[in-house]
Amino acid sequence: MILSMLAAVAPAALPAAGGGHIRFADLGLHPDIFSIGFFTLRWYSLAYIAGILVGWWYLLKLLAQPGAPMARRHADDLVFYATLGIILGGRIGYVLFYAPDMLLHPLRVFRLWDGGMSFHGGVIGTSIGLILFARKHRLDWLRVHDYIACVVPFGLFFGRLANFVNGELWGKPADVPWAIVFERTVPYGLPEPARHPSQLYEAGLEGIVLFALLWFAFWRTKARYQPGKLVGLFVLGYGIARFIVEFFREPDAQFRGTFIEATHIHMGQWLCVPMIVGGLYLVLTAPGRRTRVEPIAGTQSVA
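Computed from a predicted structure; not experimentally measured. (Residues numbered from 1 in each chain as written. Predicted model: local features only at pLDDT ≥ 70, side-chain atom pairs only at ≥ 80, totals over all residues. Heavy atoms only, no water.)

1. Quick word on the packing of helix α5 (residues 141-166) against helix α7 (residues 229-245)
When two helices pack together, their arrangement is captured by the angle between the axes and the distance separating the axes.
Then, number 1: It is the contact of α5 with α7, at a shortest axis distance of 6 Å, that shows an interaxial angle of 30°. The orientation of α5 with respect to α7, classified from their angle, is roughly parallel. Facing α5, whose interface residues are L142, H145, D146, A149, C150, V152, P153, L156 and R160, α7 presents K229, L230, V231, F234, Y238 and R242.
Then, number 2: Taken together, the residues of the contact of α5 with α7 sort by class into 10 nonpolar, 1 polar and 4 charged. (Axes fitted to C-alpha atoms, helices over the stretch in contact; angles between N-to-C directions. Helix = DSSP H or I, 4+ residues; strand = E, 2+ residues; numbered from the N terminus. Parallel < 35°, antiparallel > 145°, perpendicular 65-115°, else oblique. Contact = heavy atoms within 4.5 Å. Nonpolar A, V, L, I, M, F, W, Y, C, P; charged D, E, K, R; others polar.)

The structure is reproduced here in structure tokens:
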């Protein structure tokens, strides 16, 4: 019933006329920031860098509070493990979930500059990296996940803005006042329809709203003393946000005519189902995992 209600909210994929709407070409946006010789700096690369740097800065703020699961000296090492997990997990996840045909041409897997990263794969890769990091330093891996979950929305926000600047991952045709006419969304010769700027919807929900939820939980409640609660809120919140936004996104072309299209549920939504279930489990069971927390950073012991 919930799925049918959400589907009813999303506009039908009608070829809405592009006239009168904002044209993406008029915004003056370009995937490249500048080029010097063979070097080109792209907004998508800058989004990754900005997400990591801002996230690292915010993580240090969190670690300065009482009861932190690790010390500031661990932060640099953690960033390395997390970054490696994001890149490897994101790329491998994209290949397995969205483009398995790449396995027939293995060299394409390493062409990161061609694009193609899966957030769900990045989550798995980052989690593996954090577990290895926690084992190396003998830290509580679940509480480490809690703190990292609070900084991830920065990367999501910058990443979705980069998707918008790149003019990719656009939404379904729509006739809402803020719809945008993106380029090369239909075969050559057909009129370009105005579409939902779903990248901005995701930037708002996965970036701003999710950050606000985790900010409140960390700074205004005792959630950080219940192992798994913050990461559970993140996984649950992201899963719900992404599931909803997918109703406004254009379905992945490679899945047309498959079981995924027949169910009217996108691949991104299928991947969110275990996130929603797992996140809900972590949130509901977190109070039972609360134990006395002795700080590695900060000064106060918390019962």
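2. A closer look at the environment of Y58
Then, number 1: Relative to the helices and strands, Y58 is located in helix α2 (residues 43-63).
Then, number 2: For Y58, a relative accessible area of 6% corresponds to the buried category.
Then, number 3: Sequence separation between Y58 and C150 is 92 residues, and the spatial gap between their C-alpha atoms is 8.6 Å.
Then, number 4: Not counting the four nearest positions on each side in its chain, Y58 is found in contact with C150, V151, F154, F211, W215 and W219. (Buried < 20%, exposed > 50% of the residue type's maximum accessible area, 1.4 Å probe, protein only.)

3. Things to note about the nonpolar core
Then, number 1: In terms of nonpolar packing, the biggest core is built from 43 residues, with L59, M70, L78, V144 and F234 touching the most fellow members.
Then, number 2: Where this core is concerned, the elements lending two or more residues are α2, α3 (75-97), α4 (119-137), α5, α6 (198-220), α7 and α9 (267-285).
Then, number 3: Residue contributions to this core peak at 9 residues, all from α5.
Then, number 4: Contact partners of V144, with chain neighbours within four places excluded, come to P69, M70, L78, L130, F133 and L139.
Then, number 5: Counting residues in hydrophobic clusters, the runner-up holds 5 residues, among them F24, F164, W170 and F182. (Core = buried A, V, L, I, M, F, W, Y, C linked by side-chain atoms within 4.5 Å.)

4. Regarding unusual backbone geometry
Then, number 1: Although it is not a glycine, R138 adopts a positive phi angle of roughly 55°.
Then, number 2: Positionally, R138 belongs in the loop between α4 and α5.
Then, number 3: With relative accessibility at 81%, the residue R138 sits in the exposed group.
Then, number 4: In this structure, L169 is a non-glycine residue whose phi angle is positive, near 55°.
Then, number 5: Tracing the backbone through its elements, the reader meets L169 in the loop between α5 and β4 (180-181).

5. Re α9
Then, number 1: The end-to-end C-alpha distance of α9 is 28 Å, a good match for the 27 Å that 19 residues give at a rise of 1.5 Å each.
Then, number 2: Residues of α9 that are buried: M267, G268, Q269, L271, C272, M275, G279, L282 and V283. (Expected span 1.5 Å × (residues − 1).)

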